[in-house]
Amino acid sequence: MGFLSNKISRDEVKPGDHIYSWRQAYVYAHHGIYVGDGQVNHFTRGDGQETGTGTFLDKIIVSSSHNHGDSPCPNCGDRSNLGGVISSCLECFLAGGDLYVFEYSVSPAIFLAKPRGGICTIASSDPPEEAIYRANFLLRNGFGVYNVFKNNCEDFAIYCKTGLLVANTDVGRSGQAASIVAAASVLLSSPLRFVAGFGGLAVAGYGMYCASRLVSDIGMRWDVSKVPVERLVADKSEMEAKPEDMKTT
């Protein structure tokens, strides 16, 4: 394991682990739950559920499903056009990248010592069998519509490991999304413009970034609750049905 992320070998991964692999030259990471037997359940931005952000991210965040071109994976077939929760072999999930394991129950000091979001949380995880149960239940029933800020692959994996949901849906459980919001807050914060000197600006800005990441972590937030996966699916189905009901009235 390293300081910035927690790289492991393939023979170290265990059923129920929350794993991830970096994409696009470390711009972002794709997350999933290793369910055993070489399979990973993960939430993707396939063609069927593409959701735009209205930002530059639309140009770099593409479907996380591995495209084999004219030679589909002998284990998975062609998954490049699928969206939602899918099951892939570990090699397809990694898409040529390295394997990392997401850390739970880290101390606030360790959390802040890792300057990049989306690799650990202060929250504790449930037993592996519960994570596998949730991941398989959501594979059959879905996790709603993908949204890079509110409902992404990291949100899926964190929910599977913890069963925790955030009441405020402006930003989900994702540490990557929280880091983007924190960085944007620092850049747009007017008080920093009055800090004397570049050094003071950098220190104050980094302090605000760390504080924002910490209070946004799923293990620190007050607006979270434990939600059974059956209720989660029922609630998401009801919410997604409302726009259709409005169209018919």
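Up top is the structure.
Small disclaimer: the values here were computed from a predicted structure and weren't measured. (Residues numbered from 1 in each chain as written. Predicted model: local features only at pLDDT ≥ 70, side-chain atom pairs only at ≥ 80, totals over all residues. Heavy atoms only, no water.)

Overview of the overall build of the protein
Then step 1. Helix and strand content of the protein: 7 helices and 7 strands.
Then step 2. Out of the 249 residues belonging to the protein, those deemed buried represent 47%.
Then step 3. If you take every contact in the protein between residues at least 6 apart in sequence, the share linking residues at least 24 apart comes to 65%.
Then step 4. In the form shown here, the protein has an accessible surface area of approximately 12300 Å², with 59% of it arising from carbon and sulfur atoms. (Helix = DSSP H or I, 4+ residues; strand = E, 2+ residues; numbered from the N terminus. Buried < 20%, exposed > 50% of the residue type's maximum accessible area, 1.4 Å probe, protein only. Contact = heavy atoms within 4.5 Å. Areas by Shrake-Rupley, 256 points an atom, 1.4 Å probe, with all protein chains shown as cover.)

Some remarks on the pairing of strand β3 (residues 39–44)
Residues in a regular strand project their side chains so that they alternate between the two faces of the sheet.
Then step 1. Buried residues dominate β3, accounting for 5 of its 6 residues.
Then step 2. Of the strand pairs in this sheet, strand β2 (residues 28–36) and β3 are connected by 4 bridges, and their pairing is antiparallel. From the neighbouring strand, Gly 32 faces β3, where its bridge partner is His 42.
Then step 3. The turn joining β2 and β3, which pair antiparallel and follow one another in sequence, is formed by 2 residues; a positive phi near 55 degrees is taken by Asp 37. (Pairing = 2+ DSSP bridges.)

Section: unusual backbone geometry
Then step 1. Positive phi, close to 55 degrees, is recorded for Asp 37, a residue that is not glycine.
Then step 2. Within the secondary structure layout, Asp 37 lies in the loop between β2 and β3.
Then step 3. Phi is positive for Ser 105, which is not a glycine, with a value near 60 degrees.
Then step 4. Along the chain, Ser 105 turns up in the loop between β5 (100–101) and α2 (108–113).

Overview of the pattern of salt bridges
Then step 1. Applying the stated criterion across every chain yields a total of 9 salt bridges.
Then step 2. Between Lys 7 and Asp 98 there is a salt bridge, with the nearest N and O atoms lying 3.4 Å from each other. Of this pair, Lys 7 sits in the segment before β1 (18–23) while Asp 98 sits in the loop between α1 (90–94) and β5, placing them 91 residues apart in sequence.
Then step 3. In this structure, Glu 130 and Arg 134 form a salt bridge, with 3.4 Å as the shortest nitrogen-oxygen distance. Of the two residues, Glu 130 and Arg 134 both sit in helix α3 (residues 128–141), 4 residues apart, roughly one turn of that helix. (Salt bridge = Lys/Arg side-chain N within 4 Å of Asp/Glu carboxyl O.)

So, the sheet that holds β2
Then step 1. A sheet is described by the order of its strands in space; here 5 strands give the open sequence β4-β3-β2-β1-β5, paired in antiparallel fashion. Every other strand in the sheet has two partners, leaving β4 (84–89) and β5 as the edge strands with one partner each.
Then step 2. Here β3 pairs with β4 via 6 bridges, running antiparallel. The residue bridging His 42 from the neighbouring strand is Ile 86, located in β4.
Then step 3. Of the strands in this sheet, β1, β2, β3 and β4 are in contact with helix α4 (residues 153–162), which crosses β2 at around 35 degrees. (Axes fitted to C-alpha atoms, helices over the stretch in contact; angles between N-to-C directions.)

Regarding the packing of α3 against α4
Then step 1. Between α3 and α4, whose axes approach to 7 Å, the crossing angle comes to 130 degrees. By the angle class used here, α3 and α4 are oblique. Once α3 is placed against α4, the crossing between them reads as right-handed. On α4, the residues touching Glu 130, Ala 131, Arg 134, Ala 135 and Leu 138 of α3 are Phe 156, Tyr 159, Cys 160, Lys 161 and Thr 162. (Parallel < 35°, antiparallel > 145°, perpendicular 65-115°, else oblique. Left-handed = near helix turned anticlockwise from the far one by under 90°.)

As for the nonpolar core
Considering soluble globular proteins, one finds that nonpolar side chains tend to be buried as a cluster.
Then step 1. In terms of nonpolar packing, the biggest core is built from 21 residues, with Ile 33, Phe 43, Leu 138, Phe 143, Phe 156, Tyr 159 and Leu 232 touching the most fellow members.
Then step 2. Not counting residues within four places of it along the chain, the set of residues in contact with Phe 156 comprises Ile 33, Asn 41, His 42, Phe 43, Val 85, Ala 135, Leu 138 and Phe 143.
Then step 3. Within the second largest apolar cluster, 17 residues are counted, among which are Tyr 20, Tyr 104, Phe 111 and Ala 123. (Core = buried A, V, L, I, M, F, W, Y, C linked by side-chain atoms within 4.5 Å.)

Some remarks on the packing of aromatic side chains
Then step 1. Inspection of the entire model under this criterion finds 9 aromatic pairs.
Then step 2. Ring geometry for Phe 43 versus Phe 143: centroids 5.3 Å apart, planes at 90 degrees, classification edge-to-face. With Phe 43 in strand β3 and Phe 143 in the loop between α3 and α4, this pair connects stretches of sequence that are 100 residues apart. As far as burial versus exposure is concerned, Phe 43 and Phe 143 are alike and both buried.
Then step 3. Geometrically, the ring pair formed by Phe 102 and Tyr 104 is tilted, given 5.1 Å between the ring centres and 50 degrees between the ring planes. Accessibility assignment for this pair places Phe 102 and Tyr 104 in one class, buried.
Then step 4. Taken together, the ring pairs connect Phe 43, Phe 143, Tyr 146, Phe 156 and Tyr 159 into an aromatic cluster.
Then step 5. For the cation-ring pair, Arg 23 lies above Phe 93, with the distance from its terminal atom to the ring centre recorded as 6.0 Å.
Then step 6. Lying across the ring of Tyr 159, Arg 134 places its NZ or CZ 5.9 Å from the centre. (Phe/Tyr/Trp six-rings, centres within 6.5 Å; stacked < 30°, edge-to-face > 60°. Lys NZ or Arg CZ within 6 Å of the ring centre and 35° of its normal.)

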